[in-house]
Amino acid sequence: MKKRIRRAGQRLWIYVLIIGLLFLFRTDIHYMLKEAIETVTGYAVTGEDGTKIIALTFDDGPHPIYTPELLAGLKERGVTATFFVTGANATLYPELIEQMQEDGHIVGNHTYHHVQLSSVGEDIFLQELKETNRVLEEILGKEIEYVRPPFGDWSKSIEQEIDMFPVLWDIDPLDWCSGSTAQIVKRVLDKAEDHAIILMHDEYATSVEAALQIVDELLEDGYEFVTVERILLQ
Ligand SMILES: [Zn+2]
């Protein structure tokens, strides 16, 4: 009898211990459960409709070799992105700007000569934006709404002067100075999350290779690639 009571007591302690641990690690359990559901169903459990969205953005192009490679790779995968081009490069390669629009990508403004607001001052910066809009609007036949200020240098007074949305970023893998496809891919995948904007440059072979690998990995992980418009509107 005594033995049975002792055994029941021991069992009770084990239950208390388990419940205590469950309580302590409840967030991990929630996370594990979410991961398990994702693995079993193949769907990502995030966002109201259960889909994680992410945006690839490419600055400084278009480039005569790497941009066509990237456009072909994105098309093959049915993925859209956002390109912040300079007016100077758009003037050199207008057919690539047209191709971007035809493939469903968004084309944004990255100034004419890739200038930094704080170095050139507001007047020149505004001129650079307006001249680039003029070039892009002539090629695309529509108004340009988005701007990525070089170096992320932007000000409220510029925003009052021009009717455009500034688009910064959440993930910067420093692809322009990496030289290693694997390193760029890892830096992005480590930080990938719902509604993130990824900053890359369609100016290097490694960036294009990395971008397409990132697309493959994140598609498999349940992400949907969208243009910045979707990210900013949601
Ligand atoms: Zn840039």
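Definitions and cut-offs
Here, residues in each chain are numbered from 1, in the same order as that chain's written sequence. The predicted origin of the model limits local features to residues at a pLDDT of at least 70 and limits the giving and counting of side-chain atom pairs to 80 or more, whereas totals for whole chains, interfaces and linings rest on all residues. Processing note: side-chain calculations cover all non-hydrogen atoms of the structure and skip hydrogens and water entirely. As a rule, N, O and S atoms within 2.8 Å of a metal are its donors, except that Na, K and Ca use 3.2 Å; water is not among the atoms, so sites may look incomplete. For each residue, the accessible area found with a 1.4 Å probe, counting protein chains only, is set against the maximum for its type, and the residue is called buried under 20%, exposed over 50%, and partly exposed in between. Helical segments are the DSSP runs of H or I of at least four residues, strand segments are the runs of E of at least two, and each set is numbered from the N terminus. At least two bridges found by DSSP between two strands are what make those strands a pair. Whenever a helix is involved, its axis is fitted only over the stretch in contact; in every case the axis is a line through C-alpha atoms, and angles between N-to-C directions fall within 0 to 180 degrees. The cut-offs work like this: below 35 degrees is roughly parallel, past 145 is roughly antiparallel, 65 to 115 is roughly perpendicular, and the gaps in between are oblique. Contacts between residues were defined by any pair of non-hydrogen atoms, one from each residue, lying within 4.5 Å. Note on residue categories: nonpolar means Ala, Val, Leu, Ile, Met, Phe, Trp, Tyr, Cys or Pro, charged means Asp, Glu, Lys or Arg, and polar means any other residue, Gly included. Here the term patch refers to residues with relative accessible area over 30% and no salt bridge, with like charges joined within 9 Å and nonpolar side chains (Val, Leu, Ile, Met, Phe, Trp, Tyr) within 5 Å. Accessible surface is estimated by sampling points in the Shrake-Rupley manner with a 1.4 Å probe; for residues, cover comes only from the protein chains shown. Salt bridges are defined by distance alone: a side-chain nitrogen of Lys or Arg within 4 Å of a carboxyl oxygen of Asp or Glu. As used throughout, the charge tally considers Lys and Arg to be positive and Asp and Glu to be negative, leaving His and the chain termini uncounted. Whenever a nitrogen or oxygen atom comes within 3.5 Å of another N or O atom, the pair is scored as a polar contact, on the condition that within protein one atom can donate a hydrogen and the other can accept it, and that pairs from neighbouring residues in sequence are kept only if both atoms are in side chains.

(A) Expanded view of the coordination of the zinc ion. With distances of 2.0 to 2.1 Å, the protein atoms coordinating the zinc ion are Asp60 (OD), His110 (NE2) and His114 (NE2). Site description for the zinc ion: donor spacing in sequence, D-x49-H-x3-H.

(B) Quick look at the pairing of strand β3 (residues 106–109). Burial of β3 is two-sided: the residues Ile106 and Gly108 facing one way and the residues Val107 and Asn109 facing the other way are all buried. Looking at chain direction, strand β2 (residues 82–85) and β3 are connected through four bridges and run parallel. Each residue of the ladder has a partner; that of Val85, found in β3, is Asn109.

(C) Expanded view of the packing of helix α3 (residues 66–77) against helix α10 (residues 205–220). Packing of α3 against α10 brings their axes to within 9 Å, and their N-to-C directions diverge by 10°. In this view, α3 runs roughly parallel relative to α10, as classed from their interaxial angle. Each of Tyr66, Glu69, Leu70, Gly73, Leu74 and Arg77 in α3 lies in contact with α10, whose residues at this interface are Ala205, Val208, Ala211, Leu212, Val215, Asp216 and Leu219. A breakdown of the residues in the contact of α3 with α10 according to their chemical character gives nine nonpolar, one polar and three charged.

(D) Examining a nonpolar patch on the surface more closely. Together, Leu174, Trp176 and Tyr204 line one region of the surface with nonpolar side chains, adding up to about 290 Å² of accessible area. On the secondary structure map, Trp176 appears in the loop between β5 (165–166) and α9 (181–191).

(E) The side chain of Asp60, seen in detail. Tracing the backbone through its elements, the reader meets Asp60 in the loop between β1 (52–59) and α3. Buried charged residue Asp60 carries no salt bridge. Nearest counter-charge: Arg148, at 8.1 Å. Among the polar contacts made by the side chain of Asp60, one reaches the side chain of His114 at a distance of 3.1 Å. Beyond its immediate stretch of four places on either side in the chain, Asp60 contacts Phe84, Thr86, Asn89, His110, His114, His201 and Glu203.

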